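Now for the letters of each chain:
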Amino acid sequence: VAKRKLDDIISSSFTRNIQLSRENEVKRLRLLLSLVAVSVLLTACASGPTRDINDPTNSLLFGYIDMEDAPTDADGGYIQQVAPPSEKPYWNLGGMDDGLFFHPFLPVGAYQLSSFYGSAFFRGNHEYHFPRQGNVTAIKVGKPGIYFLGSYKYTKVKTGFFEGAKFSIEKTDKPTEAELLTKILEDRDIKKSAWAEKIQARLKQLKK
Amino acid sequence: MLTLNHALRQSASVLAVLAIVFVAGCAGTPRTPVDSLKEVGNNQVILVGRVTVVPPVHASEQSFSVFNQAWANRMVLLTSDEKRPLTAEPVLADYDGRIDADLGKTFFVAVDPKPIYVRAGVLLLNDHQGERLYFPAGFQLSVRPGDKAVYIGTIEYQRDDFMNIKRVRIGDDFDKASKEFKEKFGGKVALRKALVTPQQPRNAQE
């Protein structure tokens, strides 16, 4: 009932505002306005905070999510800065490659995964949201350095017919920190940045 | 194992509609906030208290449309007449008889003269996804027949950066609350101090 009312409000509002009588024109405008709204939203999210990749106060945060049992792969995502408070708390993880995610210029603070998103031809677009409270990916970045968030596996949770879909994530041993860092080193921007040397040094440490 | 929301496009729409329904006032009736004796019913008691979160929830943590701004910085205390811990995610009916407490401000609500059990605190983070934070409670509020007004104290939730509740402290700000009480209701009504008993930190949904 509530959804129907909402649709009614939207419809009447559109009709009133654009004052068009022909139904197809209204539909076309609605579609156009929806696309503009979505673009604005996506731009707002994607813009997020930015920093110089070679800023010495940067930290590299990385991890892995196995989405084999999920409806889609994870094409991208966001990490949330929970402290210190920020007007722009969502850091874009950029394009994800085969479950690997990383962010190379986070300032000192506290972070946790906020969401992943992905799409599949038959299954459409999906978003995977992590809770603000009780989030197992919570991590404190105390001083500039390399921080491994861990490797996780997506697991579907059974829910009732009328309940929204849910999932959990379980920590896994693979891929290891060293395997993921080796893969991050292949990234074009990382290769050219101050991170290349720091990652090499960390890999040496891990081999000991 | 931690369960996380997986918002499909459809379920996100459902959640959004539910959130709108919730904030539009369909989520049960709250206990009546009162500002003068005229608003207090016969035999009703004025319950006085305060809820704070330390460190406070930052404004950027909450996001509401212009119509739902009243939910910013407001904690909902879910209550019942009997000891009934919250064992699952609350449904709309659980919000009936709630206390809407603006964080950091003294609340004054009219209640019936019988004990009240606070099941949990809920803080809505936004109205597009209906994302919420939960705060442990399990408090018994000692409201007795014959009471005119009862002061329950300041429920202070101490949290970490990740919104995990580390400690619940009950503060005694009786003098300040009493002054505010007199300004609203005059000096003829006695405000009885009956602080709630703090509980050990635990997950509000356990």
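About the cut-offs
Residues numbered from 1 in each chain as written. Chains lettered and ligands numbered in written order. Predicted model: local features only at pLDDT ≥ 70, side-chain atom pairs only at ≥ 80, totals over all residues. Heavy atoms only, no water. Buried < 20%, exposed > 50% of the residue type's maximum accessible area, 1.4 Å probe, protein only. Helix = DSSP H or I, 4+ residues; strand = E, 2+ residues; numbered from the N terminus. Pairing = 2+ DSSP bridges. pLDDT = per-residue confidence, 0-100. Contact = heavy atoms within 4.5 Å. Phe/Tyr/Trp six-rings, centres within 6.5 Å; stacked < 30°, edge-to-face > 60°. Lys NZ or Arg CZ within 6 Å of the ring centre and 35° of its normal.

Asker: Which residues make up the pairing of strand β3 (residues 45-54) of chain B, and what values do they have?
Answerer: Residues and elements named next belong to chain B. Burial within β3 is extensive, with nine of its 10 residues counted as buried. Where β3 meets strand β6 (residues 106-111), six bridges bridge the pair, whose relative direction is antiparallel. Pairing of Leu47 across the sheet is with Val109, part of β6. In terms of strand pairing, β3 meets strand β9 (residues 149-159) through eight bridges, oriented parallel. If you follow Val51 over to β9, its bridge partner there is Ile155.

Asker: Explain the confidence of the model for chain B to me, and be specific about the residues and the numbers.
Answerer: All names here are of chain B. Here chain B averages 86 in pLDDT, while 83% of its residues score no lower than 70. Taken element by element, chain B is modelled with least confidence in strand β1 (residues 3-5), mean pLDDT 41, and with most confidence in β3, mean pLDDT 98. Note on residues 1-14: pLDDT is under 50 here. Beyond four places in sequence and across chains, it has 41 contacts. ipTM for the predicted complex: 0.76, alongside a pTM of 0.78.

Asker: So, the packing of aromatic side chains: which residues are in play, and what are the values?
Answerer: When we look at a pair of aromatic rings, we describe it by the centre distance and by the angle of the planes. Under the definition given, this model contains 14 aromatic pairs over all chains. Residues Phe130 of chain A and Phe167 of chain A carry aromatic rings whose centres are separated by 5.8 Å and whose planes lie at 85 degrees to one another, so their mutual orientation is edge-to-face. In this pair, Phe130 of chain A sits in the loop between β6 (124-129) and β7 (139-141) while Phe167 of chain A sits in strand β9 (residues 166-172), placing the two residues 37 residues apart along the sequence. Each member of the pair, Phe130 of chain A as well as Phe167 of chain A, is classed as buried. One cation-aromatic arrangement involves Lys198 of chain A over Trp195 of chain A; the distance from NZ or CZ to the ring centre is 4.7 Å. Residue placement shows Arg74 of chain B over the ring face of Trp71 of chain B; its charged tip is 5.6 Å from the ring centre.

Asker: Could you give an account of unusual backbone geometry, naming the residues involved and the relevant values?
Answerer: Of note, the bond from Lys174 of chain A into Pro175 of chain A is cis; its omega dihedral lies within 30 degrees of zero at -10 degrees. The residue Pro175 of chain A is located in the loop between β9 and α3 (177-184) in this model. Pro55 of chain B follows Val54 of chain B through a cis peptide bond whose omega is -10 degrees. Assignment of secondary structure puts Pro55 of chain B in the loop between β3 and β4 (74-80). Residue Asp98 of chain A is not a glycine yet carries a positive backbone phi of 50 degrees.

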